[in-house]
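# Remarks on the overall topology
Given next are the chains, with one letter for each unit.
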Amino acid sequence: MASRSPARPVGAVTRGTTNPNRLRRMDRWIAAVHGPALRRSPHPPVAVDLGYGAAPWTAVELLERLRGECAGTLVVGVEIAPERVAAAKPYERDGLAFVRGGFEVPLPGDRRPVLIRAANVLRQYDEDEVPPVWERLRERLAPDGLLVEGTCDEIGRRHVWVTLGPEGPRTVTFATRLGSLDMPSDLAERLPKALIHRNVPGEPVHAFLRDFDRAWSAAAPYASLGARQRWMRTVRALSADWPVTDGPRRWRQGELTVRWEALAPR
Ligand SMILES: C[S@@+](CC[C@H](N)C(=O)[O-])C[C@H]1O[C@@H](n2cnc3c(N)ncnc32)[C@H](O)[C@@H]1O
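Attention in this report is confined to the structure presented alongside it. (Residues numbered from 1 in each chain as written. Predicted model: local features only at pLDDT ≥ 70, side-chain atom pairs only at ≥ 80, totals over all residues. Heavy atoms only, no water.)

## Concerning the sheet that holds strand E1 (residues 46–50)
Strands belonging to one sheet form pairs held by backbone hydrogen bonds; the direction of such a pair is parallel or antiparallel. With mixed pairing, eight strands are arranged side by side in an open sheet as E3-E2-E1-E4-E5-E6-E7-E8. Each end of this open sheet is capped by a strand with a single partner; those strands are strand E3 (96–100) and strand E8 (255–259). Strand-to-strand, the axes of this sheet are offset by a mean angle of 20 degrees, without reference to chain direction. As judged from the eight bridges shared by strand E6 (residues 158–165) and strand E7 (residues 168–176), these two strands associate in the antiparallel manner. Bridge pairing in E7 links Gly165 to Gly168. (Pairing = 2+ DSSP bridges. Helix = DSSP H or I, 4+ residues; strand = E, 2+ residues; numbered from the N terminus. Axes fitted to C-alpha atoms, helices over the stretch in contact; angles between N-to-C directions.)

This is how it looks when you write it as structure tokens:
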């Protein structure tokens, strides 16, 4: 697939660590909340897996999961390291392409993506680089596009991501394998770059994680019914004081989404 390639992609090559199925929780959430926008797209929707890493697994899986929602979806894996693009090329197929690029997000025909997903990419940049990168990526989006930027552990049991629209940040989602959770604040080590250095007293994200732990402790009696029941109880309790979104269908998956304004750094 031909693409608009600037002389120098914007950004820096970083560690390429990835794993099969690592981003399944993020993929499932994107498919659930963004499926309608994919289907509304007047052209076959283009989704970008930005910084897919040393192997193309996450892009291949994103294609499969988004095609479950919208059969015509196209996925373009964009990676700044040329040898990682060369390694991915043999996996190209109908609807899946790999191109070299950076935060400028070069796409064939200069198409605007309905989704840009950047997982475990910005954590390796400095905190003050995040706002301009977010802005640059948001400017590339289609009018009802989403930017999903976040972090997870090596095997995808714990995730935290920020979701942005063309206008700016909207929500923060915490997602976990419930059986693996001791305390919700275990997720703190997976906060995206914009929040991880703000998990200190006086900052909203710190207060939120404190309340999350308290609600989880108060819901301990529900543990006998299973971690899912305890989580549901915890999320309902947190909703009294924090602007929690989505709803029980998503919460049951071990997710909690809260509006960005409530956690935004001071
Ligand atoms: C840790 S890997 C993440 C792989 C995959 N997204 C995952 O979560 O499993 C980060 C990748 O992002 C790439 N990367 C870093 N900055 C980038 C940029 N500006 N544009 C495109 N790729 C970038 C790095 O080269 C690296 O391969």
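## Here we look at helix H4 (residues 130–140)
Looking only at H4, the buried set comprises Val130, Val133, Trp134, Leu137, Arg138 and Arg140. Summarising the axial view, the buried residues of H4 lie within an arc of 150 degrees, below the 170-degree limit, and thus occupy one face. (Buried < 20%, exposed > 50% of the residue type's maximum accessible area, 1.4 Å probe, protein only. Arc of directions from axis to C-beta.)

## Quick look at the packing of helix H1 (residues 24–40) against helix H2 (residues 57–67)
Closest axis-to-axis distance for the H1/H2 pair is 9 Å, and the angle between their directions is 40 degrees. Regarding the angle of H1 to H2, the classification is oblique. As for the relative orientation of H1 and H2, their crossing is right-handed in sense. Residues Arg24, Asp27, Ile30, Ala31 and Leu38 of H1 form the contact with H2, whose own contacting residues are Glu61, Leu62, Arg65 and Leu66. Of the residues in the contact of H1 with H2, the class split is five nonpolar, no polar and four charged. (Parallel < 35°, antiparallel > 145°, perpendicular 65-115°, else oblique. Left-handed = near helix turned anticlockwise from the far one by under 90°. Contact = heavy atoms within 4.5 Å. Nonpolar A, V, L, I, M, F, W, Y, C, P; charged D, E, K, R; others polar.)

## Remarks on the side chain of Thr234
The topology assignment puts Thr234 in helix H7 (residues 227–238). A residue is classified by how much of its surface remains accessible, and Thr234, at 0% relative accessible area, is buried. There is a polar contact of 2.7 Å between the side chain of Thr234 and the backbone oxygen of Arg230. In contact with Thr234, other than residues within four places in its own chain, are Phe212, Ala215, Trp216 and Ala219. (Polar contact = N/O pair within 3.5 Å; in protein donor to acceptor, adjacent residues only side chain to side chain.)

## Looking at the packing of helix H6 (residues 204–218) against H7
Axis angle and axis distance: for two packed helices, these are the angle between their axes and the distance between the axes, and together they describe the pair. Where H6 meets H7, the closest approach of the two axes is 8 Å, and the angle between their N-to-C directions is 130 degrees. The angle between H6 and H7 falls in the class oblique. When the axes of H6 and H7 are compared, the crossing they make is right-handed. Between H6, through Phe208, Asp211, Phe212, Ala215, Trp216 and Ser217, and H7, the contact on the second element is made entirely by Ala227, Arg230, Trp231, Thr234, Ala237 and Leu238. When its residues are assigned to classes, the contact of H6 with H7 shows eight nonpolar, two polar and two charged.

## So, the pattern of salt bridges
Across all of its chains, the model carries 18 salt bridges by this definition. The shortest N-O distance in the salt bridge between Asp27 and Arg117 comes to 2.9 Å. Taken together, the positions of Asp27 in helix H1 and Arg117 in strand E4 (residues 115–119) put the pair 90 residues apart, joining distant regions of the chain. On the accessibility criterion, Arg117 (0% relative accessible area) is buried. Here Asp186 ties to Arg158 by a salt bridge, and the two come within 3.9 Å at their closest N and O atoms. With Asp186 in the loop between E7 and helix H5 (193–196) and Arg158 in strand E6, this pair connects stretches of sequence that are 28 residues apart. Looking at Arg158, the relative accessible area reads 15%, which means it is buried. Via salt bridges that share partners, Asp27, Asp49, Arg65 and Arg117 belong to a single interconnected network. (Salt bridge = Lys/Arg side-chain N within 4 Å of Asp/Glu carboxyl O.)

## Observations regarding the environment of Tyr91
Inspection of the secondary structure assignment puts Tyr91 in the loop between helix H3 (82–88) and E3. In the structure, Tyr91 is positioned 112 residues away from Glu203 in sequence and 44 Å away in space, judged by C-alpha atoms.

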